[in-house]
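Here's the letter readout for the chains.
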Amino acid sequence: MAKELKQSRAETFVLAGSNGQNGQQWQTGLSDFNHPLGPNHKSRMSRVASDVRLKCAAYVLALRPWSFSASLTPVALGGALAYKLEGSVDLVILMVCAVTVLVVHGAGNLVNTYYDFSKGIDHKKSDDRTLVDEILAPQDVVMFGALLYSLGCLCATLLYFLSTLRLEHLALIYFGGLSSSFLYTGGIGLKYVALGDVVILITFGPLAVMFSHAVQVGYLSVLPLVYAIPLALNTEAILHSNNTRDMDSDKQAGIVTLAILIGPTLSYVLYNMLLFVPYVLFCLLATRYTISMALPLLTLPMAFPLEKHFRSRCYAKIPQKTAKLNLLMGIFYVFGIILAPPGSLPSL
Ligand SMILES: CC(C)=CCC/C(C)=C/CC/C(C)=C/CC/C(C)=C/COP(=O)(O)OP(=O)(O)O
Ligand SMILES: Cc1cc(O)c2ccccc2c1O
């Protein structure tokens, strides 16, 4: 009985997100009576189909796709740099690289879901309630995570055959990204000892941009590391707002994050720095090198309301809203690089 209740709660939760599917299900149910093999056959089929759909929706929700901009924009940036500074971009490599990074990021989110739940950090009011609300079982999350890591390794192997990058360099960056995604909450759990911010700054910034650039051009370069800085700072703003929001519950659970260490006032100062320093960098690039670097400044009007919400401690949807800003800033940054006149961008 309790199990049925939980399942129906999970179904309601998932269906609530699937715009207007209910009406369609009603229609399917009525047409069951006209099925040649009898009403039960079709209704069982449609129940199985709807179960599969619900399960798939639950898996997608568990990945927390709102955060995917954080891994897609550095891949696009690495590709744009390769195109602009080296004159080449292979769209197949770009796509495979995007899938590789996305899949490792998704797996990292699942590892985070599993360990936060097993350590009692996620609770009824948490953002991530996949396991708390029993939408999926812990074993489902483990299996899905393992599947994504395997898919990531398959994609990395494909990249080895598509790109001229040396195996040792490809493996170094790929397994660096993979182990960061696991160790963020798994194993030693870097997030729980205030090192999560460093992991995010490195993996979603220099590492991912360098990976995307290297598979395009076939060698490692320090240039992508420099270009990654503005975007990495903005991505870290997503995590820092997340950790500031969760400060009290994280403290209660006995873990330490940077937000807990510095307290709410300095957290506000840090959030502002992470939010606005990239704009200062874009201003410098636009005035000293090329005006196309001013394109990301178009997102500035989105940043001010975020600062205001943070100041008034309305943290509720700040990580998701910062992720939206991150996506737009990344897109404009990439276009700024693509549209820059030849030879106008800073190179080392
Ligand atoms: C270079 C290559 C090949 C891959 C890099 C791929 C990436 C970007 C991996 C990073 C994976 C990673 C560290 C994921 C963790 C994601 C994360 C920050 C989850 C949020 O954790 P919490 O701070 O617990 O947030 P919630 O409170 O919302 O659960
Ligand atoms: C779920 C989640 C939550 C976050 O706060 C993130 C912040 C930066 C990068 C990725 C993030 C993420 O995947």
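By the naming in an unreviewed UniProt entry, the protein is UbiA prenyltransferase domain-containing protein 1, taken from Dissostichus mawsoni. Among the UniProt annotations of the protein, the heading Sequence similarities (unreviewed entry) holds the following wording: "Belongs to the UbiA prenyltransferase family." Annotation of the protein in UniProt includes, under Subcellular location (unreviewed entry), the sentence "Mitochondrion membrane".

K.L.:
I tried to follow the nonpolar core on my own but got confused; where do I start?
P.N.:
A general trend in soluble globular proteins is that nonpolar side chains are found buried together. Within the largest apolar cluster, 36 residues are counted, with the highest numbers of intra-cluster contacts made by Cys97, Leu110, Leu148, Leu159, Leu170, Phe211 and Val215. When contributions to this core are tallied by element, the ones reaching two or more residues are helix 3 (39–62), helix 5 (91–118), helix 6 (138–162), helix 7 (167–183) and helix 8 (196–217). Among the elements that line this core, the one with the most residues is helix 5, at 11 residues.

K.L.:
Help me understand the UniProt feature "transmembrane region" (unreviewed entry) in the protein in this model?
P.N.:
In the numbering adopted here, UniProt assigns the feature "transmembrane region" (unreviewed entry) to residues 91–111, 141–162, 182–204, 210–233, 253–271 and 325–345. Taken as a whole, residues 91–111 contains 100% helix and 0% strand, while its terminal C-alpha atoms sit 30 Å from one another.

K.L.:
What should I look at first to understand the side chain of Asn243 in this one?
P.N.:
Here Asn243 shows up in helix 10 (residues 229–245). Residue class for Asn243 comes out buried when judged on its relative accessible area of 6%.

K.L.:
Any chance you could explain the site of ligand 1 here in plain terms?
P.N.:
Close contacts around ligand 1 come from 22 residues, with Arg64, Asn109, Asn112, Lys191 and Asp246 the closest. For ligand 1, an oxygen atom lies 3.0 Å from a polar atom in the side chain of Asp246. Protein chains shield 96% of the accessible area of ligand 1, which is 760 Å² for the free molecule. Only helix 5, helix 7, helix 8 and helix 10 provide two or more residues apiece to the shell around ligand 1. Broken down by element, the residue count for the shell around ligand 1 peaks at 6 residues, all from helix 5. Partitioning the shell around ligand 1 into residue classes produces 9 nonpolar, 8 polar and 5 charged.

K.L.:
Looking at this structure, I do not really get the side chain of Ser163. What am I missing?
P.N.:
Secondary-structure assignment places Ser163 in the loop between helix 6 and helix 7. Of note is the side chain of Ser163, whose polar atom sits 2.9 Å from the backbone nitrogen of Leu165. Residues within four places of Ser163 in sequence aside, it is in contact with Ile93, Ala214 and Val215.

Criteria and thresholds
- Residues numbered from 1 in each chain as written.
- Chains lettered and ligands numbered in written order.
- Predicted model: local features only at pLDDT ≥ 70, side-chain atom pairs only at ≥ 80, totals over all residues.
- Heavy atoms only, no water.
- UniProt positions renumbered as here; feature names shortened; annotations may be inferred.
- Core = buried A, V, L, I, M, F, W, Y, C linked by side-chain atoms within 4.5 Å.
- Buried < 20%, exposed > 50% of the residue type's maximum accessible area, 1.4 Å probe, protein only.
- Helix = DSSP H or I, 4+ residues; strand = E, 2+ residues; numbered from the N terminus.
- Near = heavy atom within 4 Å.
- Polar contact = N/O pair within 3.5 Å; in protein donor to acceptor, adjacent residues only side chain to side chain.
- Areas by Shrake-Rupley, 256 points an atom, 1.4 Å probe, with all protein chains shown as cover.
- Nonpolar A, V, L, I, M, F, W, Y, C, P; charged D, E, K, R; others polar.
- Contact = heavy atoms within 4.5 Å.

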